[in-house]
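Each chain, letter by letter, is given below.
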Amino acid sequence: MQKREFAKSGGQSGGSSAPTPKRGRPFGSTSANSAAAAAAAAAAEAMSPSALLGPSLHIHNSFVEQNNKRIVLALQSGLKSEVTWALNTLTLLSFKERDEIRRDVTPLAKIPSLLDALLLIIDDWRDIALPKDLTRGARVRSLGVNSSVTGFGTEYDALASIQTPGSGVGSSAGEALGKKSTGKHQSSQWWSEEDGLFNLDDEGRAEKQLCAIAASNVIRNFSFMPDNEVVMAQHRHCLETVYQCINDHMTEDEELVTNSLETIVNLAHLMDLRIFSSSKQSFIKINEKQAVQAVLGILNSSVKAWNCAAAELLGRLIINPDNEPFISPLIPQIHKRLVDLLSIPAVDAQAAAVGALYNLVEVNMDCRLKLASERWAIDRLLKVIKTPHPVPEVCRKAAMILENLVSEPQNRGLLLAYENAFAELLFQDGKYSDSFARILYELTARSNSRVASARGIWGM
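Chemist: How do you make sense of the nonpolar core when you look at a structure like this?
Modeler: Among soluble globular proteins, nonpolar side chains are generally buried collectively. Counting 107 residues, the largest nonpolar core has Leu75, Leu118, Tyr243, Leu338, Leu402 and Phe436 as its most contacted members. When near neighbours in sequence (up to four residues on either side) are disregarded, Leu338 contacts Leu299, Ala311, Ala353, Ala356, Leu357 and Leu360.

Written as structure tokens, this is what we have:
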């Protein structure tokens, strides 16, 4: 609009101006006065808000208030056009740039029945989704081919494919039946596919899958909005669905698993695993142990991005003391995998592993004892500091982990073997000299002279 008004004002004030270019042609492509038109286009582009703020799409806040019921009903209708419109609308409304500050964000998860309607889209796909190893491929129907009519298979195609040179009767019969079947075969083809009568075909299944992925992406976008966190973290159906998706990561669509994993990471700091055994209505049978096992399965997967997210998820879940009884039995397996992630050259994997270990060692004495006895744990934590990791906070947390380990008298025998490495880092790196000075003091001091400081998961 601004470009159009600018062109109009220029034409009125300048008297003679270049003719308006036709739709579909680049501005200034007309033959008369193309240079002036190009200059006007450049000036208009410089004055436009898009040149100053970058590309963006803003939808007025009142749109949701006026159409929230329509969006929910469209999702619940099951009609392809309505569901597509609703998912596209919600994707635009829930999308947010990384550094964008939006004060008019609508708490979409608080719209009545909207979250349930989105979860219904995902449930519809999961009801018809089959594991990849159980999916039946296309079967070639060869029964009755090149033989007389038996009543099985596609009999018209079988007769049409019979070539009997020299037998006029047979050939004429085949031609007659072939001509007769041209119109009838197309209409009767539906019953020869036994999966096409009550179930969706491959194209319909693919569309259902795309709708489920789009719905999971909208739910993921919801989880980034602070106004939606409490509502979603207390929504049992939502948590059951995302945990079930990551539990089936071996057979489920990768994008659907990624969206579910990012959603649960965003809600982890408010999540109480006891919700799976609460009195709230349950839609998918899953308990606290299965939920933690699902996260451990993602942690042991071959996708590095999933490993980092699972490590961050465990580090956030353990902050809640109510989740500790469900995570503690799997601490040895978690420690082993996190130490393996420390050996990966990728800086994001090392940061995620250090962050998770930092929270785990603050839980109780048992976690500190098990990590100190884990093979390669001390070496790889020292390597993160010596390299050093490009993020100073990661190095600081690695030093704090070592300091927590040495606070237990049972670990001193194991850590005395690294006394020279601690002393070297004490004199080489001044950033973490205080931590290594305390570590060396704990190693050399008597057990009864140790200052027992109260350490909590919040650093108090």
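Still more ground to cover, so stick around.
Chemist: How should unusual backbone geometry be read in this particular structure?
Modeler: Across the chain, the bulk of peptide bonds are trans and the bulk of non-glycine residues have phi less than zero. Cis geometry is found at the peptide bond from Thr387 to Pro388, where omega equals -15°. By secondary structure assignment, the location of Pro388 is in the loop between helix 20 (377-386) and helix 21 (392-406). Even without being glycine, Ser113 reaches a positive phi, approximately 70°. On the secondary structure map, Ser113 appears in the loop between helix 5 (80-94) and helix 6 (114-128). Relative accessible area serves as the criterion here: at 38%, Ser113 is assigned to the partly exposed category. Unlike most non-glycine residues, Trp376 shows phi in positive territory, near 70°. Position of Trp376 relative to the elements: it lies in the loop between helix 19 (365-372) and helix 20.

Chemist: I keep staring at helix 11 (residues 226-233) and nothing clicks. Help me out?
Modeler: A turn of α-helix holds 3.6 residues, and therefore any two residues three or four places apart point the same way. Within the sequence span of helix 11, burial applies to Asn228, Glu229, Met232 and Ala233. In a view along the axis of helix 11, the buried residues occupy a sector of 120°, so they form one face of it. If you follow the buried residues of helix 11, they end up packed against helix 6, helix 10 (202-223), helix 12 (236-247) and helix 13 (254-267).

The rules behind each value
- Residues numbered from 1 in each chain as written.
- Predicted model: local features only at pLDDT ≥ 70, side-chain atom pairs only at ≥ 80, totals over all residues.
- Heavy atoms only, no water.
- Core = buried A, V, L, I, M, F, W, Y, C linked by side-chain atoms within 4.5 Å.
- Buried < 20%, exposed > 50% of the residue type's maximum accessible area, 1.4 Å probe, protein only.
- Contact = heavy atoms within 4.5 Å.
- Helix = DSSP H or I, 4+ residues; strand = E, 2+ residues; numbered from the N terminus.
- Arc of directions from axis to C-beta.

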